[in-house]
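# Overview (structure and organization)
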Amino acid sequence: MKKSTATLVLSALAFAATSACAAEPVIGLITKTETNPFFVKMKEGAQAEAKKSGAKLLSAAGKADGDNAGQVTAIENMIAAGAKTILITANDSKAIIPSIKKAQAQGVMFIALDSPTDPIDGTDALFATDNYKAGILIGQYAKAAFAGKPAKIATLDLFPGHPVGAQRHNGFMSGFGLAASDAKSNELSKTAEIVCMADSFGDQAKGQTAMENCLQKNPDINLVYTINEPAAAGAFQALKAAGKEKGVMIVSVDGGCAGVKNVKAGMIAATSQQYPLKMASMGVAAGIAFAKDGKKASGYTDTGVTLITDHPQKGVESKDTKVGMDLCWGNK
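### What about the overall build of the chain?
Counting its regular elements, the chain contains 11 helices and 12 strands. Projected onto the principal axes, the alpha-carbon positions of the chain cover approximately 95 × 40 × 30 Å. Here the chain, with 332 residues, has 52% of them falling under the buried criterion. The contacts of the chain with a sequence gap of at least 6 include a subset with a gap of at least 24, amounting to 71%. If you sum the accessible surface of the chain, you get close to 15000 Å²; carbon and sulfur atoms cover 55% of it. Side-chain charges in the chain split into 35 positive and 30 negative, and the spacing between the mean points of these groups amounts to 5 Å.

Set out below in structure tokens:
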């Protein structure tokens, strides 16, 4: 009887150990919002990778861009649900840090997607576009297209202090040959060529208002940099209403399908395309590896950027909108 009992106990322990090993990894994905096509595609990429690799994906988002409290709650809920890896696009790159540190102390690995935290080493790793390079590419394009013609520039930025906004803005300036801070700075640089700077929050309606205000300030603007393609669409509407759409160049960043269509239509001259699906799938793969061997991802991984335009400029590498549509995200 004793022997049988011992055998049963050992069998139960072996089954429990096997079940623990076989348990699916739990990975969390927290995006800035649920509605932006960029983050919709990011979620699709994470879901596909999780399904392929046998992981359980939990997803959440802030109520709006800038909602830090919602992301803090999501972190707490995901840890309670057993997540050992959390992928995040932080709404507030500084304010989220205490919550991340608290989770890391409990053994949770954090990977930032798209947007770095401030400081950048606030997460274990970052999988993202080189946003400074994305800015450089459209700056180089505009510089080549202007061919020495004086530029009066409006920049429709994100909002103050955001790393992505600063990197794209300063990268654009550097690519255009203007003095600008490097990629480590979260401050927006300015030179005499920039005659108007306005915050668009990456929103089309706010971008339109910002462009209207810039035109009132300086009606001779001939080059517009925008943080993303919704802001670019707003800028174009303002220019069209003022009868200036043909004499002003717009350059932007993102590479969503709607934005690439606007490049094809001539509303945007060129855009730097980034790849949210790749960011998310790489993040999930890293989470699964962490669950299997305990090795955390670390450092920065560049997920790529491509200049998209139908009017290439000599010396600036680019692809046309056909390629852009093949690789874009959002509704085609």
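### Some remarks on the environment of Lys314
Residue placement: Lys314 occurs in the loop between strand E12 (306-308) and helix H11 (321-327). Note on Lys314: relative accessible area 82%, which makes it exposed. The sequence separation of Lys314 and Leu29 amounts to 285 residues, and the corresponding C-alpha distance is 41 Å.

### Re the pattern of salt bridges
In the structure shown here, the tally under the stated rule is six salt bridges. Among the ionic pairs, Asp326 bridges to Lys322, the shortest N-O distance being 3.9 Å. Pair noted here: Asp326 and Lys322 are both in helix H11, with a separation of four residues, about one helical turn. One exposure class covers both Asp326 and Lys322, and it is exposed.

### Some thoughts on the state of the cysteines
Here a disulfide denotes one covalent bond, and it connects the sulfur atoms of two cysteines. Within this structure, the stated rule accounts for two disulfides. Each sulfur of the disulfide joining Cys196 and Cys214 lies 2.1 Å from the other. An S-S torsion of about -75° defines the bridge between Cys196 and Cys214 as left-handed. Of the two residues, Cys196 is situated in strand E7 (residues 194-199) and Cys214 in helix H7 (residues 204-217); the sequence distance between them amounts to 18 residues. Across the disulfide from Cys257 sits Cys328; the S-S distance is 2.0 Å. Torsion about the S-S bond of the Cys257 and Cys328 cystine: about 90°, corresponding to right-handed handedness.

### Points about the sheet that holds E12
Spatially, E7-E6-E8-E9-E10-E12 is the arrangement adopted by the six strands of the open sheet, whose pairing is mixed. Of all the strands in the sheet, just E7 and E12 have a single pairing partner and so form its edges. Averaged over all pairs of adjacent strands, the angle between strand axes in this sheet comes to 15°, irrespective of strand direction. Where strand E8 (residues 223-226) and strand E9 (residues 249-254) come together, three bridges link them in parallel fashion. Residue Val224 lies in a different strand from E9, and its bridge partner there is Ile250.

### With respect to the layout of surface pockets
Think of a ball as big as a water molecule: rolled over the atoms, this probe shows where empty space is left. Looking at the largest pocket, its volume works out to about 740 Å³. Broken down by secondary-structure element, the contributors of at least two residues to the lining of the largest pocket are helix H2 (37-53), helix H6 (163-175), H7, helix H8 (229-241) and helix H9 (257-264). The dominant element in the lining of the largest pocket, judged by the number of residues it contributes, is H9, at four residues. Looking at side-chain class alone, the lining of the largest pocket contains 12 nonpolar, 14 polar and eight charged residues. Looking at the second largest pocket, it is lined by 18 residues, and the ones nearest its centre are Pro116, Ile120, Leu126, Gln167 and Ala183. Elements that contribute at least two residues to the lining of the second largest pocket include exactly strand E5 (125-128), helix H5 (131-146) and H6. Its residues assigned to classes, the lining of the second largest pocket shows nine nonpolar, five polar and four charged.

### Section: the sheet that holds strand E11 (residues 299-302)
The strand order across the open sheet built from six strands is E2-E1-E3-E4-E5-E11, with neighbouring strands paired in parallel fashion. Looking at strand neighbours, the two that pair on one side only are strand E2 (56-61) and E11, the edges of this open sheet. Direction aside, the axes of adjacent strands within the sheet are offset by 20° on average. Relative to strand E4 (residues 109-113), strand E3 (residues 85-88) is paired through four bridges, and the arrangement is parallel. What sits directly across from Leu87, in E4, is Ile111. The strands touched by H2 are strand E1 (26-31), E2 and E4; relative to E1, the strand with the most contacts, the crossing angle is about 175°. On the sheet, helix H10 (residues 276-293) packs against E1, E2, E3, E4, E5 and E11 and is oriented at approximately 170° with respect to E4.

### Looking at unusual backbone geometry
Put simply, Asp118 and Pro119 share a cis peptide bond, and its omega is 10°. Inspection of the secondary structure assignment puts Pro119 in the loop between E4 and E5. Here the phi dihedral of Ala147 falls at roughly 50°; this positive angle occurs in a residue that is not glycine. When you line up the elements, Ala147 lands in the loop between H5 and strand E6 (153-157). The backbone of Asp254 shows a phi angle near 150°, a positive value even though the residue is not glycine. Along the polypeptide, Asp254 turns up in strand E9. According to the relative accessible area criterion, Asp254 is buried, its value standing at 9%.

Procedures and definitions
- Residues numbered from 1 in each chain as written.
- Predicted model: local features only at pLDDT ≥ 70, side-chain atom pairs only at ≥ 80, totals over all residues.
- Heavy atoms only, no water.
- Helix = DSSP H or I, 4+ residues; strand = E, 2+ residues; numbered from the N terminus.
- Buried < 20%, exposed > 50% of the residue type's maximum accessible area, 1.4 Å probe, protein only.
- Contact = heavy atoms within 4.5 Å.
- Areas by Shrake-Rupley, 256 points an atom, 1.4 Å probe, with all protein chains shown as cover.
- Lys, Arg positive; Asp, Glu negative; His and termini not counted.
- Charge placed at Lys NZ, Arg CZ, Asp CG, Glu CD.
- Salt bridge = Lys/Arg side-chain N within 4 Å of Asp/Glu carboxyl O.
- Disulfide = S-S within 2.5 Å.
- Pairing = 2+ DSSP bridges.
- Axes fitted to C-alpha atoms, helices over the stretch in contact; angles between N-to-C directions.
- 1 Å grid on protein atoms, 1.4 Å probe; cavity = no way out; pocket = protein on both sides within 12 Å on 5 of 7 lines; lining within 4 Å.
- Points joined across faces, edges and corners; volume = space filled by probe spheres on them.
- Nonpolar A, V, L, I, M, F, W, Y, C, P; charged D, E, K, R; others polar.

It is worth stressing that arrangement in space is one thing and function is another; only the former is reported here.
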